[in-house]
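Structural overview for review
As a plain string of letters, each chain reads:
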Amino acid sequence: MSAEISAAYEPAAVEEKWYRIWLEQNSFQANTASSKPAFSIVIPPPNVTGVLTMGHVLNNTIQDILARRARALGKEVLWLPGMDHAGIATQNVVEKRLRAEGKTRHDLGRDGFVKKVWDWKEQYGGIIIRQLKKLGCSCDWSRERFTMDPQYIRTVQETFVDLYRKGLIYRGKRMVNWDPLYQTALSDEEVIPTTTNGTLYYMRYEVVEEPGTYLNIATTRPETLMGDTGVAVNPADPRYRDFIGKHCWRPFPRARIPIIGDDEIDPSFGTGVLKVTPAHDKLDFAIGQRHRLEVVDVLNPDGTLNALAGEEFVGIDRFEARQKAAEKLRDLGLLVKEEPYQNNVGYSERGGVPIEPRLSEQWFLKYPRIQETLEAVSAGKIQFRPERWVKTFEHWIDNIEDWCISRQLWWGHRIPVWYHNDDPGRIHVDTEPPADAEHWRQDPDVLDTWFSAWLWPFATMDEPTRGKFYPTQDLVTGPDIIFFWVARMIMAGFEYQGAIPFENVFFTGIIRDLQGRKMSKSLGNSPDPLDLIAKYGADGLRFGLMRIAPHGQDIRFDEKQIEEGRNFANKLWNACRFRKLQGPPTEALSAQPLSPYSAHVLLRLNETVDRVDSAYDNYLFTELAQSLYDFVWSDFCDWYLEAAKTELQSKRENVRSNCLSVVDHVLSGVLRLLHPFMPHITEELWHRMEFGDSSIQFATLEGLKVDSSRLNQAEIVFARQVYEATTIVRNLRAEYRIPSNKKVRMTLKPAFPGDFSVFARLVNADPFEVDPGFIPSRGLPVAVTPLGQAFLPLEGLVDLSAERDRLAKEIGKLEAELETVRKKLSNESFIARAPAAIVAEHRQRESDFLQKLVQLRERAAGL
């Protein structure tokens, strides 16, 4: 492709074209028979209901950077994509659609509802996959997996059966976290502790054996008192120990309940007396078990109260019942007082409602391979990045509890357990139903979505693929699922593959708005990534986002940075366009001696390559992006290409061709280094510049650095002096408000002999004179530079009268500020009382003002 490069970069057309070509050429397909070293990464499967968010953009851009970098390093790359069936989320979406039609899932029956979900999945599911392609993700789409694929289902069932037969999976009636909205059990990791403002109710229970004597009790949940079956105090509490063994009257439904002593009671909380409701609190349940208290469940699965709560409470929502119970206590003279109270309440991660501790028959898993999992992370066999997450991981492992793996849903992996119709205690656990299936009924529950997800790194691969690509090298995910997913995948890897599932885990930060708030639709602060892609291009979005994503820290999103990403793409495009206008590409870097500016830019390229390599080694993606940005924008475009124009206009062909070969070498390297971040534009320019016939993603990174023996240090120092002098002179021009595109007359009184033609071009000096014996007139503006003194006559450049007035005002302002500072410094009280640092600061300001005044007065005198 040797067509000219257009004046404007149009990302939409370029991105669509190249992604289509990559797919047509199977550029992303992994070859299990390849002799290349393997690199693999499995995508954290997005929910089938999902759409692209900024979090997805960040996570998948990082994965794509790693995959494309590995291809450039000569590795056989597998980036395996897929989707999660997302049990609760998907069932909720379909149930909402049914409710809009005036139906429920029960109207369809289980089989009909599951078919409805599959129909929805085929029609609407997988939107996010198409959006990931729009982002430029180089996944091997031929291997796309879904956690409800037939083979995946088989693997999940086999895992359940195997763990059951090993005694690690069991069924038991235990206190679980219950989501009243979705009416299903949740694991501890699916419960989010949330600070909540509520009320602490103080009520009193009469002692049966001592009429007129009451025990005051503090509770946040009067709506459950109908399930109280005991009152507990600490036996060491002298206030109440004499009541142990007696009874209280439960207010309603009125019942005689025992007063018991238990060491778990905190005498400092509330009044030191606890109402014990074994059916509705984990601590209460444990106390009830120890003291053999009755379990009275007054709540329905949907969070309303049932008949055991009393006729007047039947069918009332739990929060309405709270107020009603408090009112009834007040009417009975049993409500002592109410106080505002702030406490942590567990909320369902998915449902967004307070969970209920509920006694329920569920399936549980005793985690396998805990010690190997802990050692793999603690000993660094699996590297966490940032490393601080290791402590969080270790704390969870040390306090691990059995995993509740059953869910009361219809969409998901059905538990492979059957109960005999005539003998419910007789069960059949297998991947296949019993031969006489008509006499058995299958367990109605499905498995927790994470039970299928923990098998993801190896269950997505067939044997040849695992042989080549397992274990994987990298996992990119959020720290919010370190327990849900990361820890469990390590356990499953040891249990079923005898090895770690990945070598590195990179935890991304959370994307927040400029005020530090999490992005959400309700706040209106969450931009649609597709809108950003349409506005700035996928490459602009990717690069702009990576420049503001510090290592494992939360990101303050600013759309201006995405605009900067687009501007950077334009800068790169224009640099290549400029080069293209100079003629055909050179064969290779010229062996001729290098100019100072060529030597300098090649040294900076060498340094950039080193920084890039180091940043990749340490997963420092923001530093990596910034290094490339600085080199391309500043070193190459702003400095070298401007300096090189002198050589490119030379009438000596060898000088010109030598310079062009350096430009080509740098541009070729820049495109390869930038490709993982900006795949589309770099592929387009790679071909338009005729740097290679095949895709840039397979272009080697070897040969980017130039042998340091070719880089003359004295020449490099001179180039740096020219650039530093240019900056100083440009600042002088700016002080006098002389436009940068306006030519000026300048005399350089050099500090040493040399060729200063490039300096003259960079400062836009014409005529430009080098005069070692130059004697300036008094007040002539001068810039003191490493090259010598650069004098700038102002005649014809500025309005001298207006400049005198401006300087007079500035001098007057500075004199007033100097007077204020001097008054303070002459004040003995100020000197005596002010901190030494403040006094020193004022003395420094006095010195700065004096120095500035001298400069301004000299400048004014020369006008």
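Now for a quick tour of the structure. As the structure is a prediction and not an experimental result, all values here were calculated from the model. (Residues numbered from 1 in each chain as written. Predicted model: local features only at pLDDT ≥ 70, side-chain atom pairs only at ≥ 80, totals over all residues. Heavy atoms only, no water.)

1. Concerning the pattern of salt bridges
Condition: The term salt bridge refers to a pairing of a side-chain nitrogen on Lys or Arg with a carboxyl oxygen on Asp or Glu at a separation within 4 Å. Going along the chain from the N terminus, every DSSP run of H or I of four or more residues is numbered as a helix, and every run of E of two or more is numbered as a strand. Exposed residues in this analysis have more than 50% of their type's maximum accessible area, buried residues have under 20%, and partly exposed residues fall in between, with area computed by a 1.4 Å probe over protein chains only.
Tallied over the entire structure, the rule returns 52 salt bridges. E24 is paired through a salt bridge with R20; the nearest N and O atoms lie 3.7 Å apart. Taken as a pair, E24 and R20 lie in helix α1 (residues 11-24) at a separation of four residues, close to a single helical turn. A relative accessible area of 55% places E24 in the exposed class. Taking the relative accessible area as the measure of exposure, R20 reaches 38% and is therefore partly exposed.

2. Some thoughts on the packing of helix α18 (residues 596-617) against helix α20 (residues 653-674)
The condition is simple: To define axes, lines are fitted to C-alpha atoms, for helices over the stretch in contact only, and angles between the resulting N-to-C directions are given on a 0 to 180 degree scale. Orientation categories follow fixed angle ranges, with anything under 35 degrees roughly parallel, anything over 145 roughly antiparallel, 65 to 115 roughly perpendicular, and all other angles oblique. Should the near helix be turned anticlockwise from the far one by less than a right angle, the crossing is termed left-handed; should it be turned clockwise, right-handed. We call two residues in contact when some of their heavy atoms are within 4.5 Å.
Their axes nearest at 11 Å, the elements α18 and α20 cross at an angle of 15 degrees. With respect to α20, the element α18 is oriented roughly parallel. Read as a crossing pair, α18 and α20 show a hand that is left-handed. Along its contact with α18, which presents S598, V601, L602, L605, V609 and V612, the element α20 presents V662, H665, V666 and L673.

3. What to know about helix α8 (residues 318-331)
As a reminder, the rule being used: Each residue after the first adds 1.5 Å to the expected span of a helix. Regarding the arc, it is the one traced by the directions from the helix axis to the C-beta atoms. Contacts described as polar in this section are N or O atom pairs within 3.5 Å, which, within protein, must combine one atom able to donate a hydrogen with one able to accept it, while residues neighboring in sequence count only if both atoms come from side chains.
For α8, built from 14 residues, the straight-helix expectation of 20 Å at 1.5 Å per residue is met to within 8% by its first-to-last C-alpha distance of 20 Å. Within α8 the residues assigned to the buried category are R318, A321, R322, A325, A326 and L329. Down the axis of α8, the buried set is contained in an arc of 140 degrees. They therefore lie on one face. Along α8, the residues that are exposed and aim more than 90 degrees away from the buried face are E320 and D331. Where α8 is buried, its residues touch β7 (191-206), β13 (335-348) and β14 (356-365). With a side-chain oxygen lying 3.0 Å from the backbone nitrogen of F319, the N-terminal cap of α8 falls on D317.

4. Quick notes on the sheet that holds strand β11 (residues 255-261)
What counts is decided by this rule: A pair of strands is considered paired only if DSSP assigns at least 2 bridges between the two.
Strand order in the open sheet formed by four strands is β10-β11-β9-β12, with mixed pairing between adjacent strands. Edge positions in the sheet fall to β10 (247-250) and β12 (273-276), since each of these pairs with one other strand and no more. In this sheet, adjacent strand axes meet at a mean angle of 30 degrees when their direction is disregarded. Of the pairings in the sheet, the one linking strand β9 (residues 230-233) to β12 comprises four bridges and is antiparallel in character. In the strand pairing of β12, V231 is matched with K275. Across the sheet, helix α7 (residues 282-291) is in contact with β11 and β12; its angle to β12 comes to roughly 80 degrees.

5. Comments concerning the packing of aromatic side chains
Going by this rule: Aromatic contacts are taken between Phe, Tyr and Trp rings whose centres are within 6.5 Å, Trp giving its six-membered ring; a plane angle under 30 degrees counts as stacked, one over 60 as edge-to-face, and the others as tilted. Comment: the charge-over-ring label is applied if NZ (Lys) or CZ (Arg) is within 6 Å of the ring centre and within 35 degrees of the ring normal.
Tallied over the full model, the rule gives 44 aromatic pairs. Here the aromatic rings of F113 and W410 are separated by 5.9 Å at their centres, their planes lie at 65 degrees, and the arrangement is edge-to-face. Of this pair, F113 sits in helix α4 (residues 105-124) while W410 sits in the loop between β17 (406-407) and β18 (417-420), and the two are 297 residues apart along the sequence. Each member of the pair, F113 as well as W410, carries the same accessibility label: buried. Between F384 and F507, the aromatic rings sit 5.1 Å apart at their centres with planes inclined by 85 degrees, giving edge-to-face as the arrangement. A residue pair is termed long-range when its members are at least 10 positions apart, and F384 in strand β15 (residues 383-385) and F507 in strand β23 (residues 502-507) qualify at 123 residues. The class for F507 is buried, based on a relative accessible area of 0%. It is R547 that lies over the ring of Y629; its NZ or CZ is 3.7 Å from the centre.

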